[in-house]
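Tertiary structure, described
Residues per chain, in single letters:
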Amino acid sequence: MNPWLYSAISGFIVLNAVIGMVTYVTLLERKFAARMQSRIGPYRVGPHGLLQPIADALKLMMKEDIVPRLADRRVFNLAPIVFLVPCMLIFATIPFAPGLGVADLNIGLLFFLAVSSMEIVGLFMAGWGSNNKYALLSAMRAVNQIISYDLPFIFAALVPVLLAGSLKLSDIAAAQSGLWFVFYPVIGQLAFLAFVVSTLAAENRVPFDILEAESELVAGFRVEYSGMKFALIQLGEYAHVIGSSFLGAILFLGAWAGPGPEWLGPLWMLLKAMFLFLLITWVRWSFVRIRVDQILTLSWKVLMPATLLLLVSTAIVVVWRAGV
Amino acid sequence: MLDTAKTSRVEFDYSGGERLMMNMGPQHPSAHGVFRAILTLEGETIVAVDAVIGYLHRCHEKLSETLTYAQYPSIASKTDYVAAMTSEFAYVMAAEQIGKIEVPKRAQYLRVIMAELQRVASHLLWLGTWCLDMGGALGGGATVFLYCIREREMILDLFEMLVGARLLYGFYQVGGTRYDIPDGWAAKCRETIDIIDQRIGEYESLLEDNPFFLARAQDVGVISRELAEDVGIAGPLLRGSGVNFDIRRSAPYSSYEDFSFAVPVETAGDCYSRYRIRMVEFRESIKIVRQALDTLPAGAISSRPGLKSVAQIRIPKGDAYARVEGPRGEVGCYLVADGSAKPYRMKWRGASYSNLSVLPHIIPGHKVADVVAIMGSVDPVFGEVDR
């Protein structure tokens, strides 16, 4: 088949699958959170609230689109798209099963990390363009936080790369056919822990959700957004979380490896990603938010040196084992 | 005395420039329409705070001059609507002091039971909303909030069994209480406080084993002992700053001397010690309720005959100040009677109002995120601040 055509078709399918998944993942999170809080959660729209995400999407589409009079119109309108595009692009390089994906680049992980840090541009545009003090403070926090947590995130993600010896995500998955990296003695567990913590921070989830911080900054950078623009930001945020969950499943949980025939691979992959997503959700609904200075201290004084040390020791272990 | 150099405030600058003036409230999820804090920021750090109150002023004190002694207790509940029993208590005590009206022992015990249950309910709401402020409506805070509300509902169910209302009761009457407890109430009450007693331990392990919670609460919003005494704060804030003062202990009223309970005192003065004080008070209140239920004397619930008209209670000429220890501290009621069925003048001393005055002294120097943590730990109810 024509490679251009193949990419276009697979890209179209993945994009729509992601959007569909994001809508239903919100339901999953709401049900999960409700159970944690001894509630029932969405129940009215469809059986067990199964149509709730569709009702939410329709509602958001029909909302009035408000642009503040003193906002920087062009920046304000462009921001949700600049925010959403990188969040969607991260799925381009994820293999969902052997040979099933848009583009299995030989620098797959690098592409993922580079693109996922680009969301900060959209965030800052939203915060700046809104011409709102809450949004501005939130944008300032966003830049601080995301830059601080990108480095530990990258260091933690590089540990599996060293162990597998490749940046290509399908190679990393294949290298775990014997032993998932999360079970790699000591190094695996520490790297996984660091990965989860810095994912939480990079995704702005509680306890690191100081960008949104509704008890201080109302809704942070998206306080002025309504209707579909708000929905786009929300979509991007959830897409990023799911993308990171998939990445975690590939890097640490053996990707599509699992019992049963080979065609069950994508299902295993999905289950593992959802496990990671629910782990993040679990943390989100049981912790309180920490302060901006504490977040930065945690990143620069604890996570950064720790992950760097971990990376170096992984390199030593890899070289030592290759030598023997 | 206050060290003026340390607490002197920065000049307010509303003209723009390097400093950012930011409104927190009245349209804000943490101030929900009743409070406005004008913050002056340098980056994320607060250099000055201007607190604006009065959004919930309802002329309570003037209103009391138009209502009889039988009518006003139900309205008194609306000053501090989170602890409605407390303000009723202070009002009827003031009237009883002027009229030298005896209160039967059973009524005194019933009053104590309700006041302590109300303290538990109020502290539950405080814990929930405080965690909501620190943890976010879309985070762990909401989880604690919903747990606390679940337990508070059980106490409200008890009150509903008793008086038929869930928020504003009108249970206290001059000379006693309006209702006696119905059949089966005592057993249900014991069951409820047993459950709450056990759940308090669950919250403690959920919060105190959580390093993020500790990081947000410890060493934040420190009120020194001197500042606490100078500003005149009361209740858990005062005890959190190392002052051992509780009206139930130092000036017992309504038979509080019959019960054994501890008055917790912490010395650090930060948000965490205020939290600890309230967590201990939960258990002490439950202890008092248990003792009162065990030793509840039989007899009349009021020293006055049943009311035939609302103007039947007449208080002789005189004035009195009655104070009770509410969940937020000293709630006082100053009453001037002129011999008629209505008071001549009435003045509230709201605990939240005095407690709120400490904010401008402790907030500057903190980060924006700490404002909500500190305000939550002060536990203001704006119905009581503005009246």
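Residues numbered from 1 in each chain as written. Chains lettered and ligands numbered in written order. Predicted model: local features only at pLDDT ≥ 70, side-chain atom pairs only at ≥ 80, totals over all residues.

Let's talk about the overall build of chain B
When its secondary structure is counted, chain B shows 16 helices and eight strands. Its C-alpha radius of gyration of 21 Å places chain B within 12% of the 21 Å reference for a compact globule of 387 residues. Counting all 387 residues of chain B, 49% fall into the buried class. If you take every contact in chain B between residues at least 6 apart in sequence, the share linking residues at least 24 apart comes to 70%. (Helix = DSSP H or I, 4+ residues; strand = E, 2+ residues; numbered from the N terminus. Rg over C-alpha atoms; globule rule 2.2 N^0.38 Å. Buried ≥ 20, exposed ≤ 12 C-beta atoms within 10 Å, placed from the backbone. Contact = placed C-beta atoms within 7 Å.)

Some details on helix α7 (residues 185-208) of chain B
Residue and element names in this part refer to chain B. Taking 1.5 Å per residue, 24 residues should reach 34 Å; α7 reaches 34 Å between its end C-alpha atoms and fits that length. All buried positions along α7 are accounted for by Cys-189, Ile-193, Ile-196 and Leu-207. Turning to α7, the residues buried within the fold contact α5 (105-135), α6 (140-163), α8 (211-217) and α12 (271-294). (Expected span 1.5 Å × (residues − 1).)

Structural notes on the nonpolar core
Within the largest apolar cluster, 200 residues are counted, with the highest numbers of intra-cluster contacts made by Ile-242 and Ile-250 of chain A together with Ala-90, Ala-94, Ala-95, Val-371 and Ile-374 of chain B. Top element by residues in this core is α5 of chain B. It accounts for 17 residues. Two domains each provide a minimum of three residues to this core, namely domain 1 (4-52) and domain 2 (62-379) of chain B. For Ala-90 of chain B, the contacting residues outside a window of four places in its chain are Ala-322, Arg-323, Val-324, Val-331, Gly-332 and Cys-333 of chain B. (Core = buried A, V, L, I, M, F, W, Y, C linked by C-beta atoms within 7 Å. Domains from an automatic or database assignment.)

Describing the environment of Leu-206 of chain B
The topology assignment puts Leu-206 of chain B in helix α7. Here Leu-206 of chain B falls in the partly exposed class, since 17 other C-beta atoms lie within 10 Å of it.

Observations concerning the interface of chain A and chain B
Tallying the contact residues gives 25 residues for chain A and 31 residues for chain B. Taken together, the elements giving at least two residues each to the side of chain A that touches chain B come down to α6 (133-164), α9 (214-217) and α12 (292-323) of chain A. Its residues assigned to classes, the side of chain A that touches chain B comprises eleven nonpolar, five polar and nine charged. (Nonpolar A, V, L, I, M, F, W, Y, C, P; charged D, E, K, R; others polar.)

So, helix α10 (residues 227-252) of chain A
Residues and elements named next belong to chain A. A rise of 1.5 Å per residue sets the reference length of α10, with its 26 residues, at 38 Å; its end C-alpha atoms lie 37 Å apart and thus fit the reference within 8%. A large share of α10 lies buried, amounting to 22 of its 26 residues. The first or second residue beyond α10 is Gly-254, which carries a positive phi of 75°.

Considerations on the environment of Gly-235 of chain B
Residues and elements named next belong to chain B. Along the polypeptide, Gly-235 turns up in the loop between α9 (225-231) and α10 (236-240). Residue Gly-235 is classed as buried on the basis of its C-beta count, with 27 C-beta atoms lying within 10 Å. Distance in space between the C-alpha atoms of Gly-235 and Arg-349 is 13 Å, their sequence separation being 114 residues. Ignoring any residue separated from it by four or fewer positions in sequence, one finds Gly-235 in contact with Gly-326, Arg-328, Gly-329, Glu-330 and Ala-351.

Examining the domain arrangement of chain B
Residues and elements named next belong to chain B. Domain assignment breaks chain B into domain 1 (4-52) and domain 2 (62-379). The C-alpha centroid of domain 2 is placed 30 Å from the C-alpha centroid of domain 1. Domain 1 puts 14 residues into the contact, and the matching count from domain 2 is 13 residues. If you list the elements that add at least two residues to the side of domain 1 that touches domain 2, you get β2 (36-42) and β3 (45-52).

Some words on the sheet that holds β3 of chain B
Within a sheet, each strand pairs with its neighbour through backbone hydrogen bonds, oriented either parallel or antiparallel. Residue and element names in this part refer to chain B. The strand order β1-β2-β3 describes an open sheet built from three strands, whose pairing is antiparallel. Here the strands that pair on one side only, and so sit at the sheet edges, are β1 (20-24) and β3. Within the sheet, the average angular offset between the axes of one strand and its neighbour, ignoring direction, is 25°. As defined by bridge partners, β1 adjoins β2 across five bridges and the pair is classed as antiparallel. The residue bridging Met-21 from the neighbouring strand is Thr-40, located in β2. Docked against the sheet, helix α15 (residues 368-378) engages β1, β2 and β3, running at close to 150° with respect to β2. (Pairing = 2+ DSSP bridges. Axes fitted to C-alpha atoms, helices over the stretch in contact; angles between N-to-C directions.)

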